[in-house]
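A look at the structure
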Amino acid sequence: MSLQKNQDIQLNIEGYTAEGNGVGHYNGQAVFVSGAAKGDTIIAHIIKAKKTYAIGIIKQILKKSQDRIDVDCPHFRSCGGCAYRHISYDAEKQLKKQKVVDAFTRLAHLDVKVNDIITCKTERYRNKAQYPVGFEKGIVAGFYAQKSHRIINSSDCVLQPEEFANIVEIVKNWMTEFGISAYDSVNHTGLVRHIYIRKAFVTGQIMVCLVINGDEIPKSHELVDDLLRIDGLKSVVININKEKTNVILGLECKTLWGEDYIEDVLCGVKIRLSPLSFYQVNHDCAELLYNKASEYVGATGNETVLDLYCGAGTIGLSMANKVKKVIGVEIIPEAIEDAKVNAKNNNIENCEFYCGDAKDAVKILKDKNIEPDAVILDPPRKGCDKEVLEYVAEMKPKKIVYVSCDVSTQARDCAILKELGYETKEVTPVDMFPCTSHTESVALLIKNTKEE
Ligand code: SAH
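All figures in this text were calculated on a predicted structure; none of them were measured in a lab. (Residues numbered from 1 in each chain as written. Predicted model: local features only at pLDDT ≥ 70, side-chain atom pairs only at ≥ 80, totals over all residues. Heavy atoms only, no water.)

1. Structural notes on the overall build of the chain
Note the following rule: Note on conventions: DSSP H or I runs of at least 4 residues are helices, E runs of at least 2 residues are strands, and numbering of each starts at the N terminus. For the radius of gyration, the atom set is restricted to C-alpha positions; the globular benchmark scales as 2.2 Å times the number of residues to the power 0.38. Under the scheme applied here, a residue whose accessible area is under 20% of the maximum for its type counts as buried, over 50% as exposed, and between as partly exposed, the area being computed with a 1.4 Å probe on protein chains only. Note on contacts: a residue pair is in contact if any heavy atoms of the two residues lie within 4.5 Å.
If you tally the helices and strands in the chain, you get nine helices and 23 strands. The C-alpha atoms of the chain give 24 Å as radius of gyration, which agrees with the globular expectation for 452 residues (22 Å, within 12%). A principal-axis box enclosing the C-alpha atoms of the chain has dimensions of 65 × 65 × 35 Å. Taking all 452 residues of the chain together, 52% fall into the buried category. Taking the contacts inside the chain whose residues are at least 6 apart along the sequence as the reference set, 63% of them involve residues at least 24 apart.

Here it is, written out as structure tokens:
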């Protein structure tokens, strides 16, 4: 008989879901339990029962997993940020590697060598944070409680730099002092929606951006005066978002003080960061990822490299001095502008950047008989359009280096590339987002020469 709501069952936790919940089986039915660790034996209280699976909460832990550690954050599990603060980092590394192995073997049916996960620092690694702002007796800012729009008032987070908490407090005090309203997402009223902060880890430069439901903010001089207490402050910006939407940033930014951007250094390349440009959230780990991508390209100095989904050009620019030429393609115009400025500021002359959809651009390049030696793919979560993979294969690069923040779509695309003549040689997971359920991975694919 399948499980019923409110039933209490004994359960052994065998592993984790992609979101980081513990999973066990009861009479063949999968049961997902938030906060459970692989190796736990628990009494689970069933709160939702479906035909094929059930969801439980921990009622009692009968036997603790060896991987368990003390949880050091009071907001763990109410906040959707961290999935793994209750298990050791060794256990986390292991399960993330396993997630990559499972995606390639079980989902994509590819027999691939998966290396150990590359790691870096596990605390205060994020260079960007977005705090929702609201009103509840007073101004609150922090993070949304899981699956809700209630804001939990908390400015510090161990994944973020310490200055971010001070900035959030300054903005909250300024709002309270001058009676500046917080956005109310239900009624679509009020002004300040989010406090969005970026820090360039190498230069120490900081950008503070207030996302507002309006065109301007009152008392902006007072805000800037207060923010000047923050070391490294380089830019204060407002971002205008008057839409009734969950999307955080609008398309228009206005600079209130300082520069329109901040500058960081990544793999020795100076990078200009506009508020809207994509930038990897974990600087040190991004360098390790790019070094691995560069190793996979195996540059000798004669290669033409096509960097698809290039953002502000960072991957291609980081290997520009090792190859003959880089061609970058990206859909966001501002990111392409940043890429061109980044090339110029670093006196890099062998990189060209084009704005467009990867699938159109790659077709144009193919029709022009461009034959890159290596193609780098770094698409968003949904992976590559099939046409992109087909056109890339028709260009016959010797290597494809596939960087991804979603291993399931990466594995799916590697299976498609296998049909198109590319063998996935190895995959390296990279822990870009420690303590969260997300994993980055980079795969090396080599053209199958036997078929020719
Ligand atoms: N390689 C960059 C950015 C990776 S994020 C880095 O490492 O920083 C993925 C990028 O793909 C984003 O910049 C996004 O704007 C871009 N993108 C999304 N869809 C695209 C498409 N259809 N064609 C080209 N670029 C696209």
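Having seen the model, we can carry on.
2. Describing the packing of aromatic side chains
Threshold: A pair of aromatic rings is counted whenever rings of Phe, Tyr or Trp (Trp by its six-membered ring) have centres within 6.5 Å, and the orientation is called stacked for planes under 30 degrees apart, edge-to-face for over 60 and tilted otherwise. Only when the NZ atom of a Lys or the CZ atom of an Arg is both within 6 Å of the ring centre and within 35 degrees of the ring normal do we say a charge sits over the ring.
Here the structure, examined in full by the defined rule, presents two aromatic pairs. Measuring from ring centre to ring centre gives 5.7 Å for Phe32 and Tyr53, while their planes differ by 40°; the resulting arrangement is tilted. On the criterion of sequence distance, the pair formed by Phe32 in strand E4 (residues 29–33) and Tyr53 in strand E6 (residues 53–63) is long-range, its members being 21 residues apart. With relative accessibility at 23%, the residue Phe32 sits in the partly exposed group. Look at Tyr53 and you get partly exposed, because its relative accessible area is 27%. Just above the ring of Tyr183 sits the side chain of Arg193; from NZ or CZ to the centre is 4.1 Å. Geometry around Phe201 places Lys199 over its ring, the cationic atom sitting 5.6 Å from the centre.

3. Some points on the pattern of salt bridges
Put simply, the test is: Salt bridge, as used here: a side-chain nitrogen of Lys or Arg that lies within 4 Å of a carboxyl oxygen of Asp or Glu.
One pass over the full model with this rule turns up 26 salt bridges. In this structure, Asp413 and Arg412 form a salt bridge, with 2.9 Å as the shortest nitrogen-oxygen distance. According to the relative accessible area criterion, Arg412 is partly exposed, its value standing at 37%. Residues joined by salt bridges that share partners form a network here, namely Lys363, Lys366, Asp367 and Glu394.

4. A word on the domain arrangement of the chain
Selection criterion: The domain boundaries here were taken from an automatic or database domain assignment. We define buried area as the total accessible area lost by two parts upon association, computed with a 1.4 Å probe and summed across both. We define a polar contact as two N or O atoms separated by no more than 3.5 Å, with the added condition that, inside protein, one atom must be a possible hydrogen donor and the other a possible acceptor, whereas residues neighbouring each other in sequence contribute only through side-chain atom pairs.
What the domain assignment reports for the chain is domain 1 (8–68), domain 2 (93–121 + 282–451) and domain 3 (128–266). For domain 2 versus domain 3, the distance between C-alpha centres works out to 33 Å. At the boundary of domain 2 with domain 3, total buried surface from both sides reaches about 570 Å², with 72% on carbon and sulfur atoms. At the boundary of domain 2 with domain 3, the tally comes to zero salt bridges. Remark: the boundary between domain 2 and domain 3 carries one residue pair in polar contact (both at pLDDT 80 or more). Among the elements that line the side of domain 2 that touches domain 3, the one with the most residues is helix H4 (residues 283–297), at four residues.

5. Considerations on H4
This is how it is decided: What a helix should span is 1.5 Å times the count of its residues minus one.
Over its 15 residues, H4 runs 21 Å from end to end, which matches the ideal 21 Å to within 8%, given 1.5 Å per residue. Taken together, the buried positions of H4 are His283, Cys285, Ala286, Leu289, Tyr290, Lys292, Ala293, Ser294, Tyr296 and Val297. In the segment just after H4, Gly298 is the residue with positive phi, at about 65°.

6. Points about the state of the cysteines
Which entries qualify depends on this criterion: The disulfide criterion used throughout: a pair of cysteine sulfur atoms within 2.5 Å.
Applying the stated criterion to the full structure yields zero disulfides. Between Cys82, a cysteine without a disulfide, and Cys435, which holds the nearest cysteine sulfur, the sulfur-to-sulfur distance is 4.9 Å.

7. Here's the deal with the sheet that holds strand E9 (residues 138–144)
The criterion, for reference: Whether two strands pair depends on DSSP finding at least two bridges between them. To obtain each axis, a line is fitted to C-alpha atoms, and for helices this fit is confined to the stretch in contact; angles are then taken between N-to-C directions over 0 to 180 degrees.
Read across the open sheet, the seven strands follow the order E10-E9-E8-E11-E12-E13-E14; overall the sheet is mixed. Every interior strand has two partners, whereas the edge strands, strand E10 (151–153) and strand E14 (252–258), have only one. Taken pair by pair, the neighbouring strands of this sheet meet at an average axis angle of 35°, ignoring direction. Relative to strand E11 (residues 192–199), helix H2 (residues 162–177) is tilted by about 150°, and along the sheet it contacts strand E8 (128–136), E9, E10, E11 and strand E12 (206–212).

8. Side note on the nonpolar core
For soluble globular proteins, the rule of thumb is that nonpolar side chains tend to be buried together. As a reminder, the rule being used: Take the buried residues of types Ala, Val, Leu, Ile, Met, Phe, Trp, Tyr and Cys, join any two whose side-chain atoms come within 4.5 Å, and each joined set is a nonpolar core.
Counting residues in each nonpolar core, the largest one holds 48 residues, and the members touching the most others are Phe353 and Val401. Among the elements that line this core, the one with the most residues is H4, at seven residues. Lining this core are residues from two domains, each supplying at least three of them: domain 2 (93–121 + 282–451) and domain 3 (128–266). Setting aside chain neighbours within four positions, we find Val401 in contact with Ala293, Tyr296, Val297, Val375, Ile376, Leu377, Val442, Ala443 and Leu444. If you look at the next biggest cluster of nonpolar residues, it comprises 35 residues, including Val329, Cys384, Tyr391 and Tyr422.

9. Observations regarding the site of the ligand
Filter applied, for reference: Only heavy atoms are used to decide nearness, and a residue is near a molecule or strand if one of them lies within 4 Å of it. We call Asp, Glu, Lys and Arg charged. Ala, Val, Leu, Ile, Met, Phe, Trp, Tyr, Cys and Pro are nonpolar, and the rest, Gly among them, are polar.
Looking at the ligand, there are 16 residues lining it, with Tyr290, Tyr309, Glu330, Ala358 and Asp378 nearest. Taking Tyr309, its main chain carries an N or O atom lying 3.0 Å from a nitrogen atom of the ligand. In the environment of the ligand, a nitrogen atom lies 3.3 Å from a nitrogen or oxygen atom belonging to the backbone of Ile331. Within the shell around the ligand, the residues separate by chemical class into nine nonpolar, four polar and three charged.

10. Focus: the sheet that holds strand E2 (residues 15–16)
Spatially, E1-E5-E6-E4-E3-E2 is the arrangement adopted by the six strands of the open sheet, whose pairing is mixed. Sheet topology places strand E1 (8–12) and E2 at the edges, where each strand pairs with a single neighbour. In terms of strand pairing, strand E5 (residues 41–49) meets E6 through eight bridges, oriented antiparallel. For Lys48, the partnering residue across the bridge sits in E6 and is Ile55.

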